[in-house]
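Listed below, chain by chain, are the residues.
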Amino acid sequence: MSIILAAEALSCVRQDRVLFENLNFQLSAGQVLYIQGKNGAGKSSLLRLLAGLTLPEDGQILFHGKPLPSVAELFSEQLLFIGHQSGIHPQLTALQNLAFWSALTEQQVAYPYQLLGSLGLAGLEDIPCFMLSAGQQRRVSLARLWFTTKPLWILDEPFTSLDQQLIARLEQHFLQHLSSGGVIVLTSHQTLSAAYPELQAIELEYRW
Ligand SMILES: Nc1ncnc2c1ncn2[C@@H]1O[C@H](COP(=O)(O)OP(=O)(O)OP(=O)(O)O)[C@@H](O)[C@H]1O
């Protein structure tokens, strides 16, 4: 199976501290990479490198076998990155946030009310997101995962603030995405519960 995303001898240094070095992995369609580690170990830093938002100290990231900078346009078309922050605009409503992402990424959201309702946000579609709870805001943010057609998902702590029911729902959605050829890289302090057919795990040590 062809490799979609790979890291070769990746190193990351922050504030003179080596967070990780010589990190290697290869991910093909249907595979999930689960990154664990203590607070400050470097999980978000690794995700930001993989999303092309920062550059590694050493090593390289390959997308479909090519160095990331050389395929930046294709990569950004195929990547959905949800960072540690929810990434929603607090003054906009849930519906407006969906419409914004939809226009920005040219991904059609066919039934926004239905989607938001299915995520437990019925009746809350038209109020500014700053009036929503942390978990509700996270739900608005994650709604993107239900209408995107992008194959590569990089998700930093996607379960934060979610209740167990929504976590289970999200993990089922991950399985669906993987079974249709998607790739997921995620961090979490929480143990994954679903039975992922092809799971790779990396534990980053906290290094002084
Ligand atoms: N933009 C930055 N500039 C300087 N140092 C940074 C930057 N971002 C992160 N760091 C440092 O890098 C280290 C790793 O941070 P990172 O956010 O990657 O950890 P993490 O494993 O995701 O932690 P957590 O579980 O708390 O979210 C920390 O010591 C942090 O201070």
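Residues numbered from 1 in each chain as written. Predicted model: local features only at pLDDT ≥ 70, side-chain atom pairs only at ≥ 80, totals over all residues. Heavy atoms only, no water.

## Overview of helix H5 (residues 134-142)
Piece 1. Listing the buried residues of H5 in full gives Gly135, Arg138, Arg139, Val140, Ser141 and Leu142.
Piece 2. The secondary structure elements touched by the buried residues of H5 are strand E6 (79-82), helix H3 (94-105), strand E7 (152-156) and helix H6 (164-179). (Buried < 20%, exposed > 50% of the residue type's maximum accessible area, 1.4 Å probe, protein only. Helix = DSSP H or I, 4+ residues; strand = E, 2+ residues; numbered from the N terminus. Contact = heavy atoms within 4.5 Å.)

## Some points on the site of the ligand
Piece 1. What surrounds the ligand is a group of 14 residues, the closest being Gln15, Arg17, Lys43, Ser45 and His189.
Piece 2. The separation between an oxygen atom of the ligand and a polar main-chain atom of Ala41 is 3.2 Å.
Piece 3. In the model, an oxygen atom of the ligand is placed 2.8 Å from a nitrogen or oxygen of the His189 side chain.
Piece 4. Contact with the protein chains hides 61% of the accessible area of the ligand, taken as 640 Å² for the molecule alone.
Piece 5. Counting residues per element, the ones that place at least two in the shell around the ligand are strand E2 (17-28) and helix H1 (43-50). (Near = heavy atom within 4 Å. Polar contact = N/O pair within 3.5 Å; in protein donor to acceptor, adjacent residues only side chain to side chain. Areas by Shrake-Rupley, 256 points an atom, 1.4 Å probe, with all protein chains shown as cover.)

## Focus: the layout of surface pockets
Piece 1. Roughly 270 Å³ of internal volume is contained in the largest pocket.
Piece 2. In terms of lining, the largest pocket is formed by 14 residues, of which the most central are Leu79, Leu80, Phe81, Thr105 and Lys150.
Piece 3. The set of elements that each furnish at least two residues to the lining of the largest pocket consists of E6 and H3.
Piece 4. Of the residues that constitute the lining of the largest pocket, the class distribution is eight nonpolar, four polar and two charged.
Piece 5. Taken together, 14 residues form the lining of the second largest pocket, with Gly52, Thr54, Leu55, Leu68 and Pro69 sitting closest to its centre. (1 Å grid on protein atoms, 1.4 Å probe; cavity = no way out; pocket = protein on both sides within 12 Å on 5 of 7 lines; lining within 4 Å. Points joined across faces, edges and corners; volume = space filled by probe spheres on them. Nonpolar A, V, L, I, M, F, W, Y, C, P; charged D, E, K, R; others polar.)

## Things to note about the UniProt feature "domain: ABC transporter" (unreviewed entry) in the protein
Piece 1. Under the UniProt annotation, "domain: ABC transporter" (unreviewed entry) lies at residues 5-204.
Piece 2. Overall, residues 5-204 shows 30% helix and 28% strand. The separation of its end C-alpha atoms is 19 Å. (UniProt positions renumbered as here; feature names shortened; annotations may be inferred.)

## Some points on the nonpolar core
Piece 1. Ranked by internal contacts, the top residues of the largest apolar core, which has 35 residues, are Leu98, Val140, Leu145, Leu155, Phe174, Ile184 and Leu186.
Piece 2. Counting only elements with at least two residues in this core, the list comes to strand E3 (32-37), E6, H3, helix H4 (112-118), H5, E7, H6 and strand E8 (183-187).
Piece 3. Here the element with the most residues in this core is H6; it accounts for five residues.
Piece 4. With near-sequence residues (within four places) excluded, Leu145 lies in contact with Leu80, Ile82, Trp153, Leu155, Leu170, His173 and Phe174. (Core = buried A, V, L, I, M, F, W, Y, C linked by side-chain atoms within 4.5 Å.)

## Focus on the packing of aromatic side chains
Piece 1. On inspection of all chains with the given rule, the structure shows three aromatic pairs.
Piece 2. Ring geometry for Phe63 against Phe75: centres 5.0 Å apart, planes inclined by 80°, an arrangement best described as edge-to-face. Here Phe75 lies in helix H2 (residues 72-78) and Phe63 lies in strand E4 (residues 58-63), a separation of 12 residues in the sequence. The pair formed by Phe63 and Phe75 is uniform in burial state, with each residue classed as buried.
Piece 3. With centroids separated by 6.4 Å and ring planes inclined at 65°, the aromatic side chains of Trp153 and Phe174 adopt a geometry described as edge-to-face. Taken together, the residues span a long stretch of sequence, with Trp153 in strand E7 and Phe174 in helix H6 at a distance of 21 residues.
Piece 4. Here a set of aromatic residues connected by ring pairs shows up, and it is made of Trp153, Phe159 and Phe174.
Piece 5. Over the face of the ring belonging to Tyr206 we find Arg17, whose NZ or CZ atom lies 4.3 Å from the ring centre.
Piece 6. A cation over a ring is seen here: Arg144 above Trp101, with NZ or CZ 4.0 Å from the ring centre. (Phe/Tyr/Trp six-rings, centres within 6.5 Å; stacked < 30°, edge-to-face > 60°. Lys NZ or Arg CZ within 6 Å of the ring centre and 35° of its normal.)

## Let's talk about the sheet that holds E3
Piece 1. If you trace the five strands from one edge of the open sheet to the other, you get E6-E7-E8-E3-E9, paired in parallel fashion. Of all the strands in the sheet, just E6 and strand E9 (199-204) have a single pairing partner and so form its edges. Going from strand to strand, the sheet's axes swing by 10° on average, the running direction of each strand aside. (Pairing = 2+ DSSP bridges. Axes fitted to C-alpha atoms, helices over the stretch in contact; angles between N-to-C directions.)

## So, the environment of Leu152
Piece 1. Locating Leu152 in the fold gives a position in strand E7.
Piece 2. For Leu152 and Ala51, which are 101 residues apart along the polypeptide, the C-alpha to C-alpha distance reads 9.8 Å.
Piece 3. The contacts of Leu152, once residues within four sequence positions are left out, are Leu5, Phe63, Phe75, Gln78, Leu79, Leu80 and Val183.

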